[in-house]
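Coordinates in review
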Amino acid sequence: TPAPAPSPPTLGFQSLPNSMTDAAVVPAGYVAHILGAWGTPLNSLAAEWKSDGTNTSTDQANATGMHHDGLHYFALNNSSSDGLLAINFEYIDQDALHPNGATLSAGKRPVEEVRKEINAHGTGVYRVRRSAGRWSIVKDDAHNRRFTSATVMDLAGPVAGSPYAVTPFSPTGRQTRGTNNNCGNGYTPWGTYLTCEENWAGYFRNSGTRSADQDRLGVGRSSTRYGWDTAAGDASEVDGEFARWNVTPSGASAAEDYRNEANTFGYVVEIDPYDPTTRAVKRTALGRFAHEGAWPGNVKAGQPVSFYSGDDSRFEYVYRFVSEALWDPADAAPSNRLATGAKYLDRGTLYVARFNDDGTGAWLALREDSVTRDGRTLGAIYGNLANIILNTRGAADALGATPMDRPEWTTVNPLNGEIYLTLTNNSQRTAAQLNAANPRANNVNGHIIRWAEDAGRDSFKWDIFVFGSDAGATAETNRSGLTALNQFASPDGMTFDSRGILWFQTDNGIDGGRSNAVAQSTNDQMLAVVPAAVKNAAGAQTGIDASNQALLRRFFVGPNECEVTGVTFTPDNTSVFINIQHPGNWPYDTDATLAAPSGVRVRPRSSTVVIQKADGGAIGV
Ligand code: FEO
Ligand code: CA
Ligand code: CA
Ligand code: CA
C-alpha cells in the first residue's frame, strides 16, 4: 500500500507589515546575516574589499562579483552546515564599483575599469560553512572559482560547431569567452548548476544592418551597455577582448571579424560545482533568448527530463525543453556530471507554450518539420536547427505561442509536479491584447500562473495562482484580495522547498523610483504560501482569493532601493539563502537587519543574506 500523502505544512510565522527602511526585516525569532557581499575575497589573490572603490580588476576576478541574483546550495556529504554556493552576478553599478564611477577619456573606457567590470559579472562557486550559527566563505578552498564575462567556456548542442559560432577565438565554433547577465538559475537532477543569460544583448553592438535575431533580441546599434567595445585597440588588448563586443561585420581579415560573437550568448550554461577542473558548458539546445532561469520538472525513471525557462521581456514566451534520453535514476549520482549533462541537455526538443483561453494549453515544438501558422515549416524559414535556435523568438512567433506579461522564474512543486511561473508585470498590455492567461491591461503588478502537464502529451491545464496588487485597489485589480500584510507587485525569484512551501520574491523597480502603489507602501520582499492548503469553500484546490488570502504571508522585506532575488535552502531547511541586489544604503553591519544611522552613507554592496531561526529550527514552520 502506498504511504499516505503527507499533510501540508503550516506556516509558523506572522506576516510582516510593510517596511521602507535601510534594513532587512525578518519575523520574530529569526536572524539574518550577510554572506559574501560584493568584493569578498575567494582566495588570497584578492585584496580585502575596500570601501573607497579602489580594488583592482585582479582583486575582482578573485572575489565575489556584483549584483547577486539566482543561487543554489550544493551540499557536501549531504551536510546542511558545509556546502558549495553557486551564485549569479547579474550586472554592475558603475558608481559603486569604481572610486568615481565610470570614466571616459577621448571617448574610450580605460582598460582597467573595463576589466574590473567584466570580472564583476558572471557566476561564482564557493565553499560555505556554518560554525556557531554563522555562515562564512571558506577562503582558498579548492572549489572556489569565478566565471566572468571573459572565462573560456564550451559550446554544446545544435549551435556548437556550426558556422554561426565560428569566431576568431574559436575557429571550430566550439568555444566562447564569458557569460553575462546571469539572472535566474536552475539545477539538474544530476548535481550541476544552471546559470541563465538574460539581458546580454545590449552588451554587443552592430552598427551595420542587424540580423533578424539581433533586432528581436536587442543587440545595440551605436553603443553597448557599458562601452567595453570602446577600449578596443589598446596596446594591452589580448585576443580582441574588447573589440569582440562590436559585432558589426568587418571587411578585415577573419581574425578580426567578430560578427558571430553574439551568437555564442543567450543560453543556459551548465557548471559542475563539485569539480573545479571542469569548464562551463553553454547548452544551446535549450534555446537562445533572455533566459531568466531553467528549472527541472520532477524526474521519473524511464521518462524524459523536462526543463522550463521563461524569456523575460514584455510579450515574450515560456519554453520547455524535453530530453531525448530517458531518466536513469543511477544518473542522480553520476561519475561524470557534465557527460550526464550532455546526455540529457544536448539532444531533445524545445517547445514554446500556447495558453488557450479555456484553461488548456499546448506545447509547440521548435523542430525543422514544425508547421507554422502560415503553412510553412520552420526548416523552410530557418534552414536548420542551429538557425532555429539562434532565432528562437522568431520561430516561436511563427508557431503562434502566447505572448506573456514578462516570464521570469519557473519552479516545480515537488509534491505534485505542477509548474509555477512568475509573470512580473507588463504595463504595455492594452485592453485589446488581453487573454485569459494575461487578463489585466496595464499589468503593473504581475501574477503567478501554474500548470499541470498532461502525462505523456504535449498539452497541459493551467490556472492563475495569485494576482499581485496593492491592498487598496479595486476588486477588478486586486483579484486575490490582498491586504497590507501581503500586498506585492512584480513577482520574480521563486522556489518550492522540499516540503511544498512556495517562496516568491519581488523586483518592483523600486531603485527606479516608487512608481506603483505597492512600491509606495513597502520595499521588495519574499512571501510564502503552501499551495496544497489553498482551497475554496467547497474544499477544492484553487488560487488565492479573498477567502483564503491570509495563507499568503510576508516573510522578509529588503532594504530601500533593493530587489530581493534568488532563494535556496539547506537540505534540512534550517538555513535559507537569498540575495539582495542593488540596495541603496546597505549593508551597514554583518547583521542584515541593522540600518545605517541617520545621515550615514555606505558604499552599497549586493549581498547574500542567510536567514535562520535563532533556535536553529526549520524555516517557515
Ligand atoms: Fe534579471 Fe528578469 O530579471
Ligand atoms: Ca529576475
Ligand atoms: Ca525582474
Ligand atoms: Ca535584477
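Residues numbered from 1 in each chain as written. Chains lettered and ligands numbered in written order. Predicted model: local features only at pLDDT ≥ 70, side-chain atom pairs only at ≥ 80, totals over all residues. Heavy atoms only, no water.

**Notes on the sheet that holds strand 18 (residues 407-412)**
Taken together, 9 strands build an open sheet; the order of strands is 13-14-15-16-17-21-20-19-18 and the sheet is antiparallel. Lying at the two open borders of the sheet, with one neighbouring strand each, are strand 13 (295-296) and strand 18. Strand direction decides the pairing type here: strand 13 and strand 14 (residues 304-310), joined by 2 bridges, are antiparallel. Paired with Pro296 across the strands is Phe307, a residue of strand 14. Docked against the sheet, helix 5 (residues 337-345) engages strand 14 and strand 15 (318-326), running at close to 110° with respect to strand 15. (Pairing = 2+ DSSP bridges. Helix = DSSP H or I, 4+ residues; strand = E, 2+ residues; numbered from the N terminus. Contact = heavy atoms within 4.5 Å. Axes fitted to C-alpha atoms, helices over the stretch in contact; angles between N-to-C directions.)

**A closer look at the coordination of the calcium ion (ligand 4)**
Six octahedral donors around a metal ideally make angles of 90 or 180 degrees; four tetrahedral donors ideally make 109.5 degrees. The protein atoms donating to the calcium ion (ligand 4) are Glu90 (OE), Glu563 (OE), Glu563 (OE) and Gln581 (OE1), with metal-donor distances spanning 2.3 to 3.1 Å. Mapped onto the sequence, the donors of the calcium ion (ligand 4) take the spacing E-x472-E-x17-Q. Separating the calcium ion (ligand 4) from the calcium ion (ligand 2) is a distance of 5.2 Å. Here Glu563 is found in strand 26 (residues 563-569), whereas its partner Gln581 is found in strand 27 (residues 575-581), with 18 residues between them in sequence. With relative accessibility at 4%, the residue Glu563 sits in the buried group. (Donors = N, O, S within 2.8 Å, 3.2 Å for Na, K, Ca; no water. Buried < 20%, exposed > 50% of the residue type's maximum accessible area, 1.4 Å probe, protein only.)

**Section: the packing of aromatic side chains**
Inspection of the entire model under this criterion finds 35 aromatic pairs. Ring plane angle 75° and centroid distance 5.1 Å describe the contact between Trp228 and Trp245, whose orientation is recorded as edge-to-face. Of this pair, Trp228 sits in the loop between helix 4 (212-217) and strand 11 (268-271) while Trp245 sits in the loop between helix 4 and strand 11, placing them 17 residues apart in sequence. Taking relative accessible area as the criterion, Trp228 reaches 1% and is therefore assigned buried. Across from the ring centre of Phe265, 3.7 Å away, lies the NZ or CZ of Lys282, which sits over that ring. (Phe/Tyr/Trp six-rings, centres within 6.5 Å; stacked < 30°, edge-to-face > 60°. Lys NZ or Arg CZ within 6 Å of the ring centre and 35° of its normal.)

**A look at the sheet that holds strand 12 (residues 281-283)**
Within the open sheet, the 6 strands sit side by side as 8-7-12-11-10-9. Their pairing is mixed. The open sheet is flanked by strand 8 (175-177) and strand 9 (182-187), the only strands paired with a single partner. Pairwise comparison of adjacent strand axes, ignoring direction, gives a mean angle of 35° for this sheet. As defined by bridge partners, strand 10 (residues 193-197) adjoins strand 11 across 4 bridges and the pair is classed as antiparallel. Directly across from Leu194, in strand 11, lies its bridge partner Glu270. Sheet contacts for helix 5: strand 10, strand 11 and strand 12; angle to strand 12, the most-contacted strand, approximately 15°.

**Here's the deal with the pairing of strand 7 (residues 152-156)**
Burial runs high along strand 7: 4 of the 5 residues are buried. Bridging between strand 7 and strand 8 involves 3 bridges; their strand directions are antiparallel. Looking at the pairing, Asp154 lines up with Gln175 of strand 8. Looking at chain direction, strand 7 and strand 12 are connected through 3 bridges and run parallel. Within the sheet, the bridge partner assigned to Asp154 lies in strand 12 and is Val281.

**Here's the deal with helix 3 (residues 111-120)**
Burial runs high along helix 3: 8 of the 10 residues are buried. When helix 3 is considered as a whole, its buried residues turn out to be Val111, Glu113, Val114, Lys116, Glu117, Ile118, Asn119 and Ala120. Packed against the buried residues of helix 3 are helix 1 (57-61), strand 3 (82-89), helix 2 (94-97), strand 4 (122-131) and strand 6 (145-147). Where helix 3 terminates, the next one or two residues include Gly122, which has phi positive at roughly 110°.

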